[in-house]
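Now for the letters of each chain:
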Amino acid sequence: MHAALLQFAPIRGDKESNFRKIKKLCGSTQLDLLVLPELATTGYLFGSKEELALLAEAFPGGQTSEFLTELAGTIGGHVVCGVAEKEGEILYNSAVLFSPQGHLGTYRKVHLFDKEKELFEPGNVGFPVFDLGEAKIGMMVCFDWIFPESARSLALAGAEIICHPANLVLPYCPRAALTRAIENHVFYLLSDRIGAEQSRGEELSFIGQSRILGTKGEILASLGEEEALITAEIDPSLAGDKYVTSCNHLFHDRRPDCYRLG
Ligand code: ACM
């Protein structure tokens, strides 16, 4: 399976320009799965709900759904993209899954980061897993990484590939991602952004460091702070092997009776 992610610096509030940038960087590359960053089409640092609501969309149904359907058609595969989702008056920081036929599913960020809590509602759809035929995939968004329960929930539900759109500001997620891949034996696509945004006297710099990881934490492809599309050939069936030694299985050896997760 030809898996890829795209790292770039979205321009806040300028969807058309972000669509153009994504299209240009993908070109006519044929891919089975492409993961884009968190809030890839809108930018991140919004000063108010009103400002964000002007850009948020229902999925499916808006111009971003149209763009992602067309992009999936161009690459000939599936696309995962971080988006600002609007359901009625409620805003979610979501990741959406598209095929060339259109919208297949939505994940809504469960663990909101910092001032996101003033803009978005926490996700209410759990951690769904989608069977694409060639692989079972799950999505989580940025700060979900610091809660190992996110990746574990996806792995226990059968995800072979974790798609992780991000806008990272803390430096240690790329290291933690290795652990998430290893402790669940899953492929892991961390698609981060670069650049900086300012709003109302606040500035955030995004760290890049996107990577594609194998089921033992192998770095199959990685980026620093450059704008680029990176790809890796992966065999999702390898994620079905949860044995660490011939006597140790990542899931069968779990001891929920001993855990106090409350
Ligand atoms: C983040 O969750 N965007 C840091």
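**Observations concerning the pattern of salt bridges**
What the rule picks out here adds up to 12 salt bridges. Across the pair Lys15 and Glu57 runs a salt bridge whose closest N-O atoms are separated by 2.5 Å. Note that Lys15 is positioned in helix H1 (residues 15-26) and Glu57 in the loop between helix H2 (49-53) and helix H3 (63-75), a separation of 42 residues in sequence. A relative accessible area of 9% means that Lys15 is categorised as buried. Judged by relative accessible area, which is 8%, Glu57 ranks as buried.

**Some remarks on the sheet that holds strand S6 (residues 129-131)**
On the basis of which strands lie adjacent, the open sheet formed by six strands has the order S6-S7-S8-S9-S12-S13 and mixed pairing. Where the open sheet ends on each side, the last strands, each with one partner, are S6 and strand S13 (219-222). Put simply, the sheet's adjacent strands are angled 15° from each other on average, direction ignored. Of the strand pairs in this sheet, strand S9 (residues 187-191) and strand S12 (residues 211-213) are connected by three bridges, and their pairing is antiparallel. Within S12, the position partnered with Leu190 by the bridge is Arg211. Lying on the sheet, helix H5 (residues 173-184) is in contact with strand S8 (161-165), S9, S12 and S13; it crosses S9 at an angle near 160°.

**Examining the packing of aromatic side chains**
Applying the stated criterion across every chain, the model contains six aromatic pairs. Here Phe143 and Phe147 contribute two aromatic rings whose centre-to-centre distance is 5.8 Å and whose plane-to-plane angle is 90°, an arrangement assigned as edge-to-face. The buried category is assigned to Phe143, whose relative accessible area is 17%. When its relative accessible area of 30% is taken as the criterion, Phe147 is described as partly exposed. These aromatic residues form a ring-pair network of at least three members: Phe113, Phe143 and Phe147. Seen from the ring of Tyr92, Arg108 lies directly overhead, with NZ or CZ sitting 4.0 Å from the centre.

**Focus: the pairing of strand S5 (residues 102-108)**
Burial analysis of S5 places five of its seven residues in the buried class, the great majority of the element. As paired elements, strand S4 (residues 90-99) and S5 share six bridges and run antiparallel to each other. The residue bridging Val96 from the neighbouring strand is Thr106, located in S5.

**Examining the environment of Met139**
One can find Met139 in strand S7 (residues 136-139). Taking the C-alpha atoms as reference, Met139 lies 8.1 Å from Val80; in sequence the two are 59 residues apart. Apart from the residues within four sequence positions on either side, Met139 is in contact with Val80, Ala95, Val96, Leu97, Gly105, Thr106, Tyr107, Phe127, Pro128, Phe130, Leu154 and Cys163.

**Description of the nonpolar core**
Residues Val80, Ile137, Ile161 and Tyr188 are the most contacted members of the largest nonpolar core, which totals 65 residues. Counting 21 residues, the second-largest nonpolar core is a separate cluster that includes Cys26, Leu36, Ala40 and Val96.

**Details of H1**
Between its first and last C-alpha, H1 extends 16 Å over 12 residues, near the 16 Å set by a 1.5 Å rise per residue. All of the buried residues along H1 are Lys15, Ser17, Asn18, Phe19, Ile22 and Cys26. Phi for Gly27, located one or two positions after H1, is positive at around 55°.

**Structural notes on the packing of helix H4 (residues 148-156) against H5**
Two quantities define a packed helix pair, namely the angle between the helix axes and the distance between the axes. The interhelical angle for the contact between H4 and H5, taken along N-to-C directions, is 35°, at an axis separation of 10 Å. In the packing of H4 onto H5, the handedness of the crossing is right-handed. Contacts between H4 and H5 involve Pro148, Ala151, Arg152 and Ala155 from the former and Arg180, Glu183 and Asn184 from the latter. Partitioning the contact of H4 with H5 into residue classes produces three nonpolar, one polar and three charged.

Rules and cut-offs
What you see as residue numbers is a count from 1 along each chain, following the sequence as written. With pLDDT at 70 or above as the cut-off, local features in this predicted model cover only qualifying residues; side-chain atom pairs require 80 or more to be listed or tallied, and sums for whole chains, interfaces and linings still use all residues. Side-chain metrics rest on all non-hydrogen atoms present in the structure, leaving aside hydrogens and water. When a carboxyl oxygen of Asp or Glu lies within 4 Å of a side-chain nitrogen of Lys or Arg, that pair is called a salt bridge. The helix count covers DSSP runs of H or I at least four residues long, the strand count covers runs of E at least two residues long, and both are numbered beginning at the N terminus. For every residue, the accessible area obtained with a 1.4 Å probe (protein chains only) is divided by the maximum for its type, and the residue is called buried under 20%, exposed over 50%, and partly exposed between those limits. Strand pairing is assigned whenever DSSP identifies at least 2 bridges connecting the two strands. With axes taken as lines fitted to C-alpha atoms, and helix axes fitted only over the stretch in contact, angles between N-to-C directions fall between 0 and 180 degrees. Contact criterion: two residues are considered in contact whenever any of their non-hydrogen atoms come within 4.5 Å of each other. Two rings from Phe, Tyr or Trp (for Trp, the six-membered ring) form a pair when their centres are within 6.5 Å of each other. A pair whose planes differ by under 30 degrees is stacked, one over 60 is edge-to-face, and the rest are tilted. Charges are assigned to positions over rings by a cutoff of 6 Å between ring centre and Lys NZ or Arg CZ, combined with an angular limit of 35 degrees from the ring normal. To form a nonpolar core, buried Ala, Val, Leu, Ile, Met, Phe, Trp, Tyr and Cys residues must be joined to one another through side-chain atoms within 4.5 Å. A helix is expected to span 1.5 Å for every residue after the first. Crossings are assigned a handedness: left-handed for a near helix turned anticlockwise from the far helix by less than a right angle, right-handed for a clockwise turn. For this classification, Asp, Glu, Lys and Arg are treated as charged, while Ala, Val, Leu, Ile, Met, Phe, Trp, Tyr, Cys and Pro are nonpolar and the rest, including Gly, are polar.

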